[in-house]
Amino acid sequence: MASTATDAIVIGAGHNGLAAALHLAMSGLSVVVLEREAEVGGAVRTAEVTRPGFRHDLYAMNLSLFAGSPFHAAHGETLAKHGLAFTHATDCFASPFPDGRWLGVSQDMEANATRVDAFDPADGARWRAMSAEFGADAPHFFALLGAPMGKTALAKVCINALRTKGMAWTLDAVRFLLSSPRAFLDENFQSAEVKALLAPWAMHLDFPPDAAGGALFPYLEAMADQSFGMALGKGGADVVPNSLRAAIEAAGGIVRTGVDVTGVEQTAGRAVAVRCSDGEVFRAKEAILASVTPHAFLGLVDGTTGRPAVDAALQKFRHGPGTLMIHVAASALPQWRAGEALQRFAYVHLAPTLAGLSRTYAEAMEGLLPAEPGVVVGQPTAIDPSRAPEGQHTLWIQVRVVPPAIKGDARGEIAATAWADAKEAMADRVMAMIEDAAPGFGETVLDRAVHSPDDLAAANVNLVGGDSLGGSHHLRQNFLFRPAPGMARYQSPVRGLYMIGSSTWPGAGVGAGSGFMAAKAIVGR
């Protein structure tokens, strides 16, 4: 049986695992990364799945969290030497409405406020006020999202907020963090269209309009995009994992793909090695970090961490709804009925009402294919033409949300209950929605690839049931409760064994937060 010794082992080469490995390697530790798939990247991958020359981001497309992350601030210069580059979108997201009008958020506050003015002047005034407040308010929210969930770090965030903003603001911020998207939007805006513009960003994190705890995400996305624009990977999102791998290897680390880790070996309650399906064993002197889901984490330790309360919480961890991805090679961008200006935007949401978002979420949670799902149309080649042959385009179409297992169809039209049989019909429904918003769209489609929740799970074991978020972000399993009470700071009850990834704090998104914070905890800086 082959055996390899190193300081640290990272299980899983998603961006969090790679970020952790790079920080450990740059801190002087020897590191081995083990990935079961043939390629690194996890849910940050790019491939030609329709036609040669059309590069599609298979999962994540928006890399703004990574570009603005503390990890990138620490290691961005190194990554740039190994190929990391971004393209910048100044027109970030927009929503067309049935009456032919539209709203969008660009990197121009006054332009955004003027658009909002056309729907309600009072809302335009509130947009300007909120924008003016963002510079002073946002650092406290970003400090929270960038802090490990421990009492010391949280105390520092709270004390700083109290000192700089006062008790009234701090209490209101806590209330805001606990609020639903609808509560936040109703408090600040009157126009149904302004609310519909912002609410889909909560659905990106598994928050329908009335779920507590979802208010933060539409606020931060809108204000951050307005302030900084949106970052996409130059040539594809895979520029992130590819540059991370190259930097790790340049620092002396080892990245192995096609290696299936089956368990973690312990000695006297400490993790000391991992065993692989081919019999190979890797021994770790300092730490083992597993970028996996809670259920998979339990599998690595033969079903128990040694602490029954933690085991129970990990077993109860709830994954979010499924996701349907449609990748399109097209001869042109959609000719949006609401106006050609929408062709400039990185994202176009087809979700014109809060009621519609609530309905599609409820249908998906009941196991039904939604009658009119929330649809995100990504237009990456409007920002980065290099992803397709000259004059042609790729479209990144994400359906939020669908059931991981089908019990029926809310319209009663699709009889199939297996995703293999239903996915093309569901994709046709989505394409018809885009056709309605952009007449002639179907004539521009050269090819498409439809990836169901089952397909996503088969391609990446962390995408359980097609959940692309690493688990629901509802309050019962967020903040101190993610992934379980007692594990919010990544250290498990097994000494030397850490859990990272999107199932841990701060959750989904390409921000490298968990990998970076866990690695810093290990090396002490």
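So, a few notes on the structure that sits alongside this text.

**Re the overall build of the chain**
- In terms of helices and strands, the chain carries 20 helices and 20 strands.
- Since a compact globule built from 525 residues should have a radius of gyration of about 24 Å, the 22 Å found for the chain is in line with a globular shape.
- Judged by the C-alpha coordinates and their principal axes, the chain covers about 65 × 55 × 45 Å.
- Within the chain, contacts between residues separated by at least 24 positions form 71% of all contacts whose residues are at least 6 apart in sequence.
- For the chain, the exposed surface amounts to about 19400 Å²; the carbon and sulfur share of it is 54%.
- A distance of 9 Å separates the average location of the 42 positive side-chain charges in the chain from that of its 51 negative side-chain charges.

**Examining the nonpolar core**
- With 103 residues, the main nonpolar core has Phe71, Phe93, Trp127, Phe141, Tyr219 and Leu289 as its most contacted residues.
- Broken down by element, this core gets its largest block of residues, seven residues, from helix H1 (residues 15-26).
- In contact with phenylalanine 141, not counting residues within four places along its chain, are Trp169, Ala173, Phe176, Leu177, Leu216, Tyr219 and Leu220.
- One finds Trp336, Leu350, Val377 and Ala422 within the second-largest nonpolar core, a separate group that totals 35 residues.

**Overview of the environment of proline 148**
- Residue placement: proline 148 occurs in the loop between helix H5 (121-145) and helix H6 (151-165).
- With 16 residues separating them in the primary sequence, proline 148 and alanine 132 have C-alpha atoms 29 Å apart.
- What proline 148 contacts, discounting residues up to four positions off in sequence, is Ala153, Trp505 and Met517.

**Considering the packing of aromatic side chains**
- One pass over the structure, following the stated rule, counts 18 aromatic pairs.
- Measuring from centroid to centroid gives 5.1 Å for phenylalanine 479 and tryptophan 505, while their planes differ by 35°, and the two rings are tilted. Within this pair, whereas phenylalanine 479 is found in the loop between helix H19 (453-459) and strand E20 (497-500), its partner tryptophan 505 is found in the loop between E20 and helix H20 (513-523), the two being separated by 26 residues in sequence.
- Look at tryptophan 505 and you get buried, because its relative accessible area is 1%.

**Section: helix H12 (residues 239-250)**
- In this model, H12 (12 residues) spans 16 Å end to end at C-alpha, consistent with the 16 Å of a helix rising 1.5 Å per residue.
- Turning to H12, its buried residues are Val239, Val240, Pro241, Ser243, Leu244, Ala247 and Ile248.
- Turning to H12, the residues buried within the fold contact H1, helix H2 (64-67), helix H3 (70-81), strand E8 (230-233) and strand E9 (254-257).
- Where H12 terminates, the next one or two residues include glycine 252, which has phi positive at roughly 100°.

**Looking at the packing of H6 against helix H7 (residues 167-178)**
- One way to put it is that H6 packs onto H7 with a least axis distance of 7 Å and a crossing angle of 130°. On the basis of the axis angle, H6 is oblique to H7. Contact residues: Ala161, Leu162 and Lys165 in H6; Met167, Trp169 and Thr170 in H7.
- Its residues assigned to classes, the contact of H6 with H7 comprises four nonpolar, one polar and one charged.

**Digging into the sheet that holds strand E16 (residues 374-378)**
- Across the sheet, which stays open at both edges, the seven strands sit in the order E7-E6-E14-E16-E17-E13-E19 with mixed pairing between neighbours. Looking at which strands have only one partner, the edges of the open sheet turn out to be strand E7 (102-106) and strand E19 (445-451). The average angle at which neighbouring strand axes cross in this sheet is 20°, direction not considered.
- In this structure, E16 lies alongside strand E17 (residues 393-402), joined through five bridges in antiparallel fashion. Paired with valine 377 across the bridge in E17 is isoleucine 397.

**Quick word on a nonpolar patch on the surface**
- A cluster of nonpolar side chains, namely Leu162, Met167 and Leu171, defines an oily patch on the protein surface of about 290 Å² accessible area.
- Tracing the sequence through the fold places leucine 171 in helix H7.
- Relative accessible area serves as the criterion here: at 53%, leucine 171 is assigned to the exposed category.

Rules behind the numbers
Residues numbered from 1 in each chain as written. Predicted model: local features only at pLDDT ≥ 70, side-chain atom pairs only at ≥ 80, totals over all residues. Heavy atoms only, no water. Helix = DSSP H or I, 4+ residues; strand = E, 2+ residues; numbered from the N terminus. Rg over C-alpha atoms; globule rule 2.2 N^0.38 Å. Contact = heavy atoms within 4.5 Å. Areas by Shrake-Rupley, 256 points an atom, 1.4 Å probe, with all protein chains shown as cover. Lys, Arg positive; Asp, Glu negative; His and termini not counted. Charge placed at Lys NZ, Arg CZ, Asp CG, Glu CD. Core = buried A, V, L, I, M, F, W, Y, C linked by side-chain atoms within 4.5 Å. Buried < 20%, exposed > 50% of the residue type's maximum accessible area, 1.4 Å probe, protein only. Phe/Tyr/Trp six-rings, centres within 6.5 Å; stacked < 30°, edge-to-face > 60°. Expected span 1.5 Å × (residues − 1). Axes fitted to C-alpha atoms, helices over the stretch in contact; angles between N-to-C directions. Parallel < 35°, antiparallel > 145°, perpendicular 65-115°, else oblique. Nonpolar A, V, L, I, M, F, W, Y, C, P; charged D, E, K, R; others polar. Pairing = 2+ DSSP bridges. Patch = residues over 30% accessible without salt bridge, like charges linked within 9 Å, V, L, I, M, F, W, Y side chains within 5 Å. Salt bridge = Lys/Arg side-chain N within 4 Å of Asp/Glu carboxyl O.

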